[in-house]
Amino acid sequence: MMVDKLAFFDLDGTLCDNGPLSVTQTTFAAIQKLKHENVLPVIATGRSYYEVHDLLKMLDLHTFILANGCYIVHDDQVIQNYHFPINRIKEVLTLADQNDDVVGYFNQQGFAISGMNPVTRGHVDRMRLTHVPINHDFFIQQPVNFLNLFIMNTREEIYQTAFKNQLSILRYAPDAVDVMPIEISKAQGIQKIKKLVGHSNIETFAFGDQNNDLSMFSLADYGIAMKQATLGLKQRATYVAQSDHGVLEGLKHYGLI
């Protein structure tokens, strides 16, 4: 397809307005209309491929940024599959073990967690996960794209201080943060896709709700924050949705549909 504009969509709390990894028929229709208007819809999420495969197939999308930028696909071709260095994982895990916190290991085929505690159990239950593999040494046996820490706000400073200027630690849920190398982000994914599209000045629109969308908003021409978005994201946005259908509201506001 000819591409005149790019629209990047976070999933949870943003595009998925019909429950976890599910979209309403109206949102589905809007994504298809974007394609006809030469606007390329791109998923940009912290989720991994094994989680979103069915949704991508249903939406008929072939360009996406997963794992917050670790895994990038353009026109069904993998252009980035970042592996978290084992020595750095060990450093995070050591600090987590010392504080009785749990680490999550994620790649594009699956995940495991280093243990189980009440905070992690609360997260698992809220996400309605029925099978949660516990494997403290998962990262030794399989490549890992990124990490989670299952911690509340009160614990976050411990890791922010320990890994300042080394890792980005971004909250995506009340009880969980993404742990990423500072050089990897959704914004970096946007830059790569813009280059591959071959139009460095192409207009870009980003839709999100959490702090792991901040990098997208700092790079995109227009950032559309959902009604329930974090204060930090709303402050960075060019438009803040007033309804519970923020994606549709933002698309209409900017005349994309």
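Residues numbered from 1 in each chain as written. Predicted model: local features only at pLDDT ≥ 70, side-chain atom pairs only at ≥ 80, totals over all residues. Heavy atoms only, no water.

### So, the state of the cysteines
Chemically, a disulfide is nothing more than a covalent bond linking the sulfur atoms of two cysteines.
So, point 1. Taken as a whole, this structure holds 0 disulfides when the rule is applied.
So, point 2. Of all cysteine sulfurs, the one in C70 lies closest to C16, which takes part in no disulfide; the gap is 19 Å.
So, point 3. Taking relative accessible area as the criterion, C16 reaches 9% and is therefore assigned buried. (Disulfide = S-S within 2.5 Å. Buried < 20%, exposed > 50% of the residue type's maximum accessible area, 1.4 Å probe, protein only.)

### Here we look at the sheet that holds strand β8 (residues 146-150)
So, point 1. With antiparallel pairing, the 5 strands of this open sheet are ordered in space as β7-β6-β8-β10-β9. Two strands close off the open sheet at either side, each with one partner strand: β7 (111-113) and β9 (167-173). Strand-to-strand twist across the sheet, computed as the mean angle between neighbouring axes with direction ignored, equals 25 degrees.
So, point 2. Packing of helix α6 (residues 153-162) onto the sheet brings it into contact with β8, β9 and β10 (176-181), and relative to β9 it is tilted by some 165 degrees. (Pairing = 2+ DSSP bridges. Helix = DSSP H or I, 4+ residues; strand = E, 2+ residues; numbered from the N terminus. Axes fitted to C-alpha atoms, helices over the stretch in contact; angles between N-to-C directions. Contact = heavy atoms within 4.5 Å.)

### Topic: the side chain of N145
So, point 1. Position of N145 among the secondary structure elements: in the loop between α5 (138-141) and β8.
So, point 2. A polar contact of 3.0 Å, which involves the side chain of N145, links it to the side chain of N81.
So, point 3. Residue contacts for N145: discarding those within four places in its chain leaves A67, C70, N81, Y82, H83, F84, F106, N107 and Q108. (Polar contact = N/O pair within 3.5 Å; in protein donor to acceptor, adjacent residues only side chain to side chain.)

### Points about helix α4 (residues 118-126)
So, point 1. Within α4, the full set of buried residues consists of T120, H123 and V124. Taken end-on, α4 shows its buried residues confined to a sector of 100 degrees, consistent with a single buried face.
So, point 2. Summarising the contacts, the buried residues of α4 are in contact with β6 (102-106), β7, β8, β9 and β10.
So, point 3. Among the residues trailing α4, R128 stands out with phi positive, at a value near 60 degrees. (Arc of directions from axis to C-beta.)

### Comments concerning the pattern of salt bridges
So, point 1. Here the structure, examined in full by the defined rule, presents 12 salt bridges.
So, point 2. Between E203 and K5 there is a salt bridge, with its nearest N and O atoms 3.7 Å apart. Placement of the pair is E203 in strand β11 (residues 203-208) and K5 in strand β1 (residues 5-9), with a sequence separation of 198 residues.
So, point 3. Taking the shortest distance from any N to any O, the salt bridge between D12 and R47 comes out at 2.8 Å. Here the residue D12 occupies a position in the loop between β1 and α1 (25-36), and R47 occupies one in the loop between β2 (39-44) and α2 (49-59), the gap between them amounting to 35 residues.
So, point 4. On the basis of relative accessible area, R47 is assigned to the buried category, the value being 12%.
So, point 5. Here the salt bridges share partners, and the residues they tie into one network are D10, K186 and D213. (Salt bridge = Lys/Arg side-chain N within 4 Å of Asp/Glu carboxyl O.)

### Considerations on helix α3 (residues 86-98)
So, point 1. The terminal C-alpha atoms of α3, which comprises 13 residues, lie 18 Å apart, in line with the 18 Å expected from a rise of 1.5 Å per residue.
So, point 2. Buried within α3 are the following residues: I89, V92, L93, L95 and A96. Along the long axis of α3, the arc covered by the buried residues comes to 165 degrees, so they all point the same way.
So, point 3. As for α3, its buried residues are in contact with β6, α5, β8, α6 and β9.
So, point 4. D100 sits one or two positions beyond α3 and adopts a positive phi of about 55 degrees. (Expected span 1.5 Å × (residues − 1).)

### A short note on the packing of aromatic side chains
How two aromatic rings sit relative to each other is given by the distance of their centres and the angle of their planes.
So, point 1. Enumeration according to the criterion identifies 11 aromatic pairs in this entry.
So, point 2. Between F106 and F111, the ring centres sit 5.5 Å apart and the planes meet at 10 degrees, which makes this aromatic pair stacked.
So, point 3. Among the residues examined, F106 registers a relative accessible area of 10% and is labelled buried.
So, point 4. By relative accessible area, which is 17% here, F111 ends up buried.
So, point 5. Seen from their ring centres, F106 and F146 are 5.0 Å apart, and the 10 degrees between their planes marks the pair as stacked. Taken together, the residues span a long stretch of sequence, with F106 in strand β6 and F146 in strand β8 at a distance of 40 residues. (Phe/Tyr/Trp six-rings, centres within 6.5 Å; stacked < 30°, edge-to-face > 60°.)

### Section: the layout of surface pockets
So, point 1. Quantified by volume, the largest pocket comes out at close to 780 Å³.
So, point 2. For the largest pocket, the lining is made up of 33 residues, of which D12, R47, H123, M127 and Y172 are closest to its centre.
So, point 3. Looking at the lining of the largest pocket, the elements that each hand over two or more residues are α2, β7, α4, β8 and β9.
So, point 4. The element that contributes the greatest number of residues to the lining of the largest pocket is α4, accounting for 4 residues.
So, point 5. Partitioned by chemical class, the residues of the lining of the largest pocket number 15 nonpolar, 10 polar and 8 charged.
So, point 6. The space that makes up the second largest pocket amounts to roughly 240 Å³. (1 Å grid on protein atoms, 1.4 Å probe; cavity = no way out; pocket = protein on both sides within 12 Å on 5 of 7 lines; lining within 4 Å. Points joined across faces, edges and corners; volume = space filled by probe spheres on them. Nonpolar A, V, L, I, M, F, W, Y, C, P; charged D, E, K, R; others polar.)

None of the figures reported here should be taken as evidence of function without further support.
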